[in-house]
Amino acid sequence: MLYIIGLGLYDENDISIKGLRAIEDCDEVYAEFYTAMLQGSSLSAIERRIGRTVKVLGRGEIEEERIPIERASELDVALLVAGDPLVATTHTELLIDAHRRGIETRVIHSSSIISAAPGLAGLQAYKFGRIITIPFTADNYFPTSPYTNIGENLKAGSHSLVLLDIEAHRNRYMTASEGLRYLLKASEKLDDDTISGETLAVVIARAGSEKPLARADRIDVLVDEDFGDPLHCLVVPAGLHFIEAEYLVEIAGAPRAVVERMII
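Keep in mind that what you see is a predicted model, and the values were worked out from it rather than measured.

Calculation criteria
Residues numbered from 1 in each chain as written. Predicted model: local features only at pLDDT ≥ 70, side-chain atom pairs only at ≥ 80, totals over all residues. Heavy atoms only, no water. Helix = DSSP H or I, 4+ residues; strand = E, 2+ residues; numbered from the N terminus. Rg over C-alpha atoms; globule rule 2.2 N^0.38 Å. Buried < 20%, exposed > 50% of the residue type's maximum accessible area, 1.4 Å probe, protein only. Contact = heavy atoms within 4.5 Å. Areas by Shrake-Rupley, 256 points an atom, 1.4 Å probe, with all protein chains shown as cover. Lys, Arg positive; Asp, Glu negative; His and termini not counted. Charge placed at Lys NZ, Arg CZ, Asp CG, Glu CD. Patch = residues over 30% accessible without salt bridge, like charges linked within 9 Å, V, L, I, M, F, W, Y side chains within 5 Å. Salt bridge = Lys/Arg side-chain N within 4 Å of Asp/Glu carboxyl O. Core = buried A, V, L, I, M, F, W, Y, C linked by side-chain atoms within 4.5 Å. Phe/Tyr/Trp six-rings, centres within 6.5 Å; stacked < 30°, edge-to-face > 60°. Lys NZ or Arg CZ within 6 Å of the ring centre and 35° of its normal. 1 Å grid on protein atoms, 1.4 Å probe; cavity = no way out; pocket = protein on both sides within 12 Å on 5 of 7 lines; lining within 4 Å. Points joined across faces, edges and corners; volume = space filled by probe spheres on them. Nonpolar A, V, L, I, M, F, W, Y, C, P; charged D, E, K, R; others polar. Pairing = 2+ DSSP bridges. Axes fitted to C-alpha atoms, helices over the stretch in contact; angles between N-to-C directions. Polar contact = N/O pair within 3.5 Å; in protein donor to acceptor, adjacent residues only side chain to side chain. Arc of directions from axis to C-beta.

## Notes on the overall build of the protein chain
Consideration 1: Summing up its helical and strand segments, the protein chain has 11 helices and 12 strands in all.
Consideration 2: Radius of gyration (C-alpha) of the protein chain: 20 Å, near the 18 Å computed for a compact globule of 264 residues.
Consideration 3: Projected onto its principal axes, the C-alpha coordinates of the protein chain cover approximately 60 × 40 × 30 Å.
Consideration 4: The buried share of the protein chain, reckoned over its 264 residues, is 52%.
Consideration 5: Excluding contacts between residues fewer than 6 apart, the proportion of contacts in the protein chain whose partners are at least 24 apart in sequence is 73%.
Consideration 6: Carbon and sulfur atoms form 47% of the exposed surface of the protein chain, whose accessible area is close to 12,700 Å².
Consideration 7: Where the 26 positive side-chain charges of the protein chain centre and where its 41 negative ones centre are 1 Å apart.

## A few points about a nonpolar patch on the surface
Consideration 1: Taken together, the side chains of F242, I243 and I263 make up a nonpolar region of the molecular surface, amounting to roughly 290 Å² of accessible area.
Consideration 2: As for its position among the elements, I263 is in the segment after α11 (256-260).
Consideration 3: With a relative accessible area of 35%, I263 lands in the partly exposed category.

## Considering the side chain of E167
Consideration 1: Tracing the backbone shows E167 in strand β8 (residues 166-167).
Consideration 2: Its relative accessible area of 16% is what places E167 among the buried residues.
Consideration 3: Setting aside residues no more than four positions away along its own chain, E167 makes contact with F136 and R172.

## Quick word on the nonpolar core
Consideration 1: One finds L200, I204, L240, L248 and V259 to be the most contacted residues of the largest nonpolar core, which totals 26 residues.
Consideration 2: Secondary-structure elements contributing two or more residues to this core are α6 (113-120), β7 (160-164), β10 (200-205), β11 (213-218), β12 (232-236), α10 (242-250) and α11.
Consideration 3: Core analysis: the next-biggest nonpolar cluster, separate from the first, contains 24 residues, C26, F33, I46 and L80 among them.

## Details of the packing of aromatic side chains
How two aromatic rings sit relative to each other is given by the distance of their centres and the angle of their planes.
Consideration 1: Tallied over the full model, the rule gives one aromatic pair.
Consideration 2: Lying across the ring of F136, R172 places its NZ or CZ 3.7 Å from the centre.

## Brief notes about the layout of surface pockets
Consideration 1: In this structure, the largest pocket encloses a volume near 850 Å³.
Consideration 2: What lines the largest pocket is a set of 35 residues, among which T35, A36, I113, L163 and I166 lie closest to the centre.
Consideration 3: In terms of residue count, the dominant contributor to the lining of the largest pocket is helix α5 (residues 89-100) (three residues).
Consideration 4: Among the residues making up the lining of the largest pocket, the classes are represented as 20 nonpolar, 11 polar and four charged.

## Brief notes about the sheet that holds β11
For sheets, the rule is that strands pair by backbone hydrogen bonds, running either parallel or antiparallel.
Consideration 1: A sheet is described by the order of its strands in space; here five strands give the open sequence β6-β7-β12-β10-β11, paired in mixed fashion. Only two strands of the sheet have a single partner each, and these edge strands are β6 (132-134) and β11. On average, each strand axis in the sheet is tilted by 25° relative to the strand beside it, whichever way the strands run.
Consideration 2: In this sheet, β12 lies alongside β7 in antiparallel orientation, the contact comprising four bridges. Note on β12: the bridge partner recorded for L161 is V235.
Consideration 3: Here α6 sits on the sheet and contacts β7, β10, β11 and β12; the angle it forms with β7, its principal contact strand, is near 120°.

## Side note on the environment of Y34
Consideration 1: By the element assignment, Y34 lies in the loop between β2 (28-32) and α2 (43-50).
Consideration 2: Considered as a pair, Y34 and T199 are 165 residues apart in the sequence and their alpha carbons are 32 Å apart.
Consideration 3: Among the polar contacts listed, one links the side chain of Y34 to the side chain of E63, at a separation of 3.2 Å.

## With respect to helix α1 (residues 17-24)
Consideration 1: Within the span of α1, buried status applies to G19, L20, A22 and I23. Buried residues in α1, looked at end-on, bunch into an arc of 160°, giving them a common side. Along α1, exposed side chains directed more than 90 degrees from the buried face belong to I17, K18, R21 and E24.

## Regarding the sheet that holds strand β3 (residues 55-57)
Consideration 1: Judged by pairing direction, the sheet is parallel, and its five strands sit side by side in the order β3-β2-β4-β1-β5 without closing on themselves. Strand pairing shows two members of the sheet lacking a second neighbour, β3 and β5 (105-108), which therefore form its edges. Each adjacent strand pair in this sheet contributes to an overall mean axis angle of 25°, direction not counted.
Consideration 2: Bridge count between β2 and strand β4 (residues 77-81): five bridges; the pairing is parallel. What sits directly across from Y30, in β4, is L79.

Here's what the structure looks like:
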C-alpha cells in the first residue's frame, strides 16, 4: 500500500487525524519538500507530531528512482507532502505508476493554497480562472506567458490566483514584491497595459498560520511593501461583486475608490 498524505498549509498541526492514523499503520514514512515546505515547521517538529522517523527524499529519488513505489511493493509506505497531495503533478504520476504495478494506493487530502487564498482574499472561488505560476527569471529567461494568461482570465471576467516560484531545496521563495515587479516588467516588455501599476492586486502571505496576511491595493503601491516571511502568493481580481469589494476594503485594506470602480 502507498499512502500519499497531505500535511496542510503551514505547520505540523495541519495534518488531519485521518492522516495520523494512516501513518500509524505504515512500515516506513517518507516526505518530499522540493515542491513545497511547511514554513511554520521543521522536519523534527513533524517527526514529533506524528511520532515517527521520516526520511526526506529528493526529486531524483521520487521521480527517477521511484523509491516510495519500490518500497510499497513490499510494505505499507507513507509519503508526506506539503499542502494537498494531488495539486503537484509529481504525485499524480506516482499514483499512475503504482496502479500499473498493481500497488494499492490511498490519498489523504489536506488544506491547499488553491482554496485558502481565494478565501483569505474574500473572493468567490467559482469566479477564478486558470491558475498561474510566476517563475524565477534570469538574464536569458523571461517567459511572458504568466502575464498573458492573467490577461486572458481578466478578459473572461475571471479572478487569477498567481502562485510564486519555489526552490525549496535552495531555501529560495519568490516574494510578492518580486512577483509584482515581474508583472510590471512583462507589461513593459509586451507593450501591453492589461496589467499596470493601477491594477488592483491582493497579496496573501503565510496562509494557514495563526496570523495570515491579506493586503489589497494598486500594484504600484504594493510593489514596495514588505510582506514578511514566506510563503506569498498573489490574486489579480476581475470584476467584483459588492460583497467581494467590501471585504477587500474592510479586511484587506484596499482603498474604497480603487475597488468601487471594479464592482459589476
